[in-house]
Amino acid sequence: MDTDASLGRLLLPEGAPDCLDMGRLRQVGGRPTDLLYALKAALKSADQSLAESFWSGAPVDMLVRTRAWVVEQILLTAWGRMFPADAGMALIAVGGFGRGELHPYSDVDLMVLLGGKSRSAHDSKAIERFVMLLWDAGFYLGHSVRTLKECTAEARKDVVTATNLMESRYLAGDPGLFDAMREQTDVSRIWSGPEFFEAKFREQVERHERFEDTAYNLEPNIKEGPGGLRDIQMIGWVAKRHFGAETLHALVDHGFLTEPEFQELHAGQVFLWRIRFALHLLAGRGEDRLLFDFQRQIAQRFGYAEQANSNEAIEQFMQDYYRVVMQLERLNERLLQLFQEALLPDDSHDGEMIAEGFRVAHGFLEVTDEQMFTRRPLALLEIFLLLAQREDIHGVRAATVRQIGDHLELIDDDFRNAPEVMACFFELLRQPSGVYTQLQRMNRYGVLAALIPAFAQVTGRMQFDLFHVYTVDQHILFVVRNLRRFAYGKYARSFPRAPAIFESLEHPEILYLAALFHDIAKGRGGDHSELGAKDATAFCACLPMPEQHRNLVAWLVEQHLLMSQTAQRKDISDPEIVHEFAMAMGNTTRLQYLYLLTVADIAATSPKLWNSWKDGLLWELYVAARDTLAEGIETPVDRQQHTARQRESARQAMLGQGFEPGAVGHLIENLPASAFMRFSPGQMQWAASQVLQAPQPGRALVAVREKTDRKVSEVFVSAPDFVGLIATTTTVFDEMGLNVLAARVVTTRDGRSFDLFQVMDARDGPLNENDSLKLRERLESLLERKTVVQPMRRKLPRRLRPFVSVPEVHFTTARGGTVTAVEVHCTDRPGLLSQLAAAMVECGLRIHDAMIATFGDRVEDTFLVSDREDRLLDEALQAELVSSINRHLNVA
């Protein structure tokens, strides 16, 4: 920041565009409207000029400082016109404006400092007119009005206020008042070094927690998120309090930062400033979230090459972004640790030698000499093993972290192939605690990517969709974190079943290795599961583990999607599906490992993706496959025999409840075989009992019950069938904001629906009593009158818009060639199921069954349908259906 030393005001940066006509600004007439018009025009003209300069490639650091200078000149003009020199007040810049840094729509942080002991002596109306003038002129203000006494009291009470005042800069009015404020609120007088550091550090920790403590969110906040601009400012604040440093480069002089590290810090700041400047211009507002809408635009503006029908440009741009913030996050951690060691030393283990070449200093692990890693490269891995074994040590001392970074080139092929190196890494994976923490630390320090080169390729790699919320490397590590949570058993509410299975495993390191490699081949082209299995095989060949364990790791990587795809895309109530899955497992050991990996994988994909419904679905498949394996998988499933058993079981259950034998027999024989394949025994007994005890047989019937084990509601619908029954049902669900998770659609031989839906409300839970009653009454009324309700037209949510594409619709035959299977792959949206059903009604189709599968922003739903005459869909009707679906989804 270049300032006039005598006044503290900004100087116009060298090379700045000519964007403000100061002569014209000074010649403004005396009327308030003239002043407002002049200020507004000056700001608009300057901002337009700066925007043109930015898109033409002008240096962003110069533009950010130029805009602060422009804003300062306009403010000084307004203040000079509205307040006399002896007004007993001072106008002060704080926050980003105090630092001399303003982006196109940044808040202009101002403080009006009042002289005297009270506010009463000042013209509050004049201050209000000044503030309103600035708002009307187009400024986005963050302003306060305080007395000296209030400034001091607030600075003592609140570290944020103290920090703002520490960066304050005089603009206009009484300079003596400003000097008195700076003296009384001098942070070194009112906050001790340790207190200030602890408060600011706690502030950063809380801020990072709001972003899942990761810089790798798909729509990152480039200012507040980990590795963002606020982390750079954090370093500056602590440096200013500790050293009185006015610039980050002063840390080089104090030995806290090397010149290359400073250059890296500066380059990272400029990179983030470019993105933020572009965000403001594209959004037309102060926007710090790198939203999906803007990622594509910025990638194109910044010159990233786009391939036809791909998101390569966006993914390249975002990978560059994530790698920059990762480096900034590392620098922030290292520098704050240096301050922590200096300000908050922990001498409880000081000087303790815990292994050859390692000792504890101020609570952190350090090497005993600077040549340690050169003399003994193995120490680059040993340090993480020691930390896993000693949880009482806070971490690695900052100077040693720097040395690790300086010696990463030692991790070459010879290093990776050394038996003692691989034995050390394998021993880390076998530790009872600290596995995730140290793998995460290895990733932050660059060691993990050096040890496993394939991991380096996915570092910072994102996938432009809503299913994968984190970058590939962060997702992989979160899978390991979830596996460790199973081991600790502390997350029983989220994972009620996994801990017990994990406890039975003899070799959890197999799971950690599978987690590290399951997505490591993302972005290479080809099947990432197969490619990852090959990588895992090669890596595990160097580890001191039995061949059968290596084979299990490779198998888990290659098959890591099998269980989730089977559970979510196939009908796991079908014994043939379960038998096929059990055959793929081969034994219970594989099933246990794959179940745990699958749960950890899904839960690490997105915080919102894992819920009791998916937990129950996977568990149902696990239990069914386990029982099938126990019974033996040599004998194929006999569908007719299974159906007959289920039919007889349902009959006996109904008779056991006291229902009249004739009515039971009529209902059971009236149900097609598919009902006994699709409904579980419990579902069949409940649905059948609702029909048998209906007060008005033959009329429309809707029943609702809560499934407490999955925290969902089941809705049973029995009504005279008509074209549009499913469309009406799903539209009512949509009207009530219900999310349909599964559908079992059956038509009885006498033409009645026998449909079961599993739904969640808008809070991802079961329906309450009032909503259940409302649903029953509305649906029964509509279905009794055979009313076809048109689906609601909803505005597409902002997050989904960048991902909307023309649906893929595939046609095959099913059930022995008796019905047409319509498979629809498209972007998820509110009310999608009702729109699809309405499209089918429009084409006069009968829906015989439906399977619902949602994967983040993608839906893969399958409907078994026929035409009005129960025939297969011909080519003309197929084309009509595709057109109708596109029209209903507004993508025609």
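Residues numbered from 1 in each chain as written. Predicted model: local features only at pLDDT ≥ 70, side-chain atom pairs only at ≥ 80, totals over all residues. Heavy atoms only, no water.

Describing the overall build of the chain
Each helix and strand in the chain was counted, giving 40 helices and 19 strands. For the chain, the spread of C-alpha atoms along the principal axes amounts to about 100 × 75 × 50 Å. Relative to its 892 residues, the chain shows a buried fraction of 57%. By sequence separation, contacts in the chain at least 24 residues apart represent 72% of the contacts at least 6 residues apart. Accessible surface computed for the chain: about 37400 Å², of which carbon and sulfur atoms make up 48%. Each charge class in the chain can be summarised by its mean position, and for the 97 positive and 122 negative side chains these summaries are 5 Å apart. (Helix = DSSP H or I, 4+ residues; strand = E, 2+ residues; numbered from the N terminus. Buried < 20%, exposed > 50% of the residue type's maximum accessible area, 1.4 Å probe, protein only. Contact = heavy atoms within 4.5 Å. Areas by Shrake-Rupley, 256 points an atom, 1.4 Å probe, with all protein chains shown as cover. Lys, Arg positive; Asp, Glu negative; His and termini not counted. Charge placed at Lys NZ, Arg CZ, Asp CG, Glu CD.)

Side note on the sheet that holds strand 10 (residues 395-396)
As summarised here, the arrangement of the four strands in space is 7-8-9-10, forming an open sheet in which the pairing is mixed. Of all strands in the sheet, those bounded by a partner on one side alone are strand 7 (353-355) and strand 10. Relative to strand 8 (residues 358-361), strand 7 runs antiparallel, the two sharing two bridges. Counted as the bridge partner of Met353 is Arg359 from strand 8. (Pairing = 2+ DSSP bridges.)

Description of the pattern of salt bridges
In the structure shown here, the tally under the stated rule is 48 salt bridges. Residue Glu315 is joined to Arg461 by a salt bridge in which the shortest nitrogen-to-oxygen separation is 3.3 Å. With Glu315 in helix 15 (residues 312-343) and Arg461 in the loop between helix 23 (453-458) and helix 24 (472-488), this pair connects stretches of sequence that are 146 residues apart. No difference in accessibility class separates Glu315 from Arg461, as the two residues are buried. Its salt-bridge partner being Glu648, residue Arg651 comes within 3.2 Å of it at the nearest N-O pair. One end of the pair is Arg651 and the other is Glu648, both in helix 33 (residues 639-656) and three residues apart, which spans about a single turn. Through salt bridges that share partners, Arg207, Glu224, Arg230 and Asp231 make up one connected network. (Salt bridge = Lys/Arg side-chain N within 4 Å of Asp/Glu carboxyl O.)

Notes on unusual backbone geometry
Despite not being glycine, Lys711 shows a phi value in the positive range, around 55°. By relative accessible area, which is 41% here, Lys711 ends up partly exposed. Positive phi, normally seen in glycine, also occurs at Asp764, with a value near 60°.

Things to note about the packing of helix 39 (residues 832-842) against helix 40 (residues 875-888)
Look at helix 39 against helix 40: their axes get within 9 Å of each other, and the N-to-C directions meet at 140°. When the axes of helix 39 and helix 40 are compared, the pair comes out oblique. Crossing of helix 39 against helix 40: the hand is right-handed. In this structure, helix 39 contributes Gln835, Leu836, Ala838, Ala839, Met840 and Glu842 to the contact, and helix 40 contributes Glu880, Leu881, Ser884, Ile885, Arg887 and His888. Split into classes, the residues belonging to the contact of helix 39 with helix 40 amount to six nonpolar, three polar and three charged. (Axes fitted to C-alpha atoms, helices over the stretch in contact; angles between N-to-C directions. Parallel < 35°, antiparallel > 145°, perpendicular 65-115°, else oblique. Left-handed = near helix turned anticlockwise from the far one by under 90°. Nonpolar A, V, L, I, M, F, W, Y, C, P; charged D, E, K, R; others polar.)

Points about the side chain of Ser168
Tracing the chain through its elements places Ser168 in the loop between helix 7 (159-166) and strand 6 (169-173). With near-sequence residues (within four places) excluded, Ser168 lies in contact with Ile92, Ala93, Val94, Phe178, Met181 and Arg182.

Things to note about the pairing of strand 11 (residues 701-707)
Relative to strand 12 (residues 712-718), strand 11 is paired through seven bridges, and the arrangement is antiparallel. When the bridges of strand 12 are listed, Val702 appears paired with Val717. Linking strand 11 to strand 12, which pair antiparallel, is a turn of four residues; within it Lys711 sits at a positive phi near 55°.

Observations regarding a negative patch on the surface
Taken together, the side chains of Asp174, Asp179, Glu183 and Asp186 present a region of like negative charge at the surface. Judged by relative accessible area, Glu183 falls into the exposed class, the value being 53%. (Patch = residues over 30% accessible without salt bridge, like charges linked within 9 Å, V, L, I, M, F, W, Y side chains within 5 Å.)

Topic: the environment of Leu513
The topology assignment puts Leu513 in helix 26 (residues 509-517). With 26 residues separating them in the primary sequence, Leu513 and Phe539 have C-alpha atoms 9.5 Å apart. Once residues within four sequence positions are removed from consideration, Leu513 is found in contact with Phe425, Phe426, Leu429, Phe539, Cys540, Leu543, Met545 and Val553.

Side note on the nonpolar core
With 125 residues, the main nonpolar core has Phe97, Ile275 and Tyr321 as its most contacted residues. A total of 15 residues in this core trace back to one element, the largest contributor, which is helix 15. Once residues lying within four places of it in the same chain are set aside, the contact partners of Tyr321 are Ala215, Pro220, Asn221, Ile222, Phe271, Leu272, Ile275 and Leu290. Judged by nonpolar contacts, the second largest core, of 111 residues, contains Leu380, Phe426, Ile452 and Ala604. (Core = buried A, V, L, I, M, F, W, Y, C linked by side-chain atoms within 4.5 Å.)

Quick notes on helix 34 (residues 661-670)
Among all positions in helix 34, only Val664, Gly665, Leu667, Ile668 and Asn670 are buried. For helix 34, the capping residue at the N-terminal end is Glu660, with a side-chain oxygen 3.0 Å from the backbone nitrogen of Gly662. (Polar contact = N/O pair within 3.5 Å; in protein donor to acceptor, adjacent residues only side chain to side chain.)

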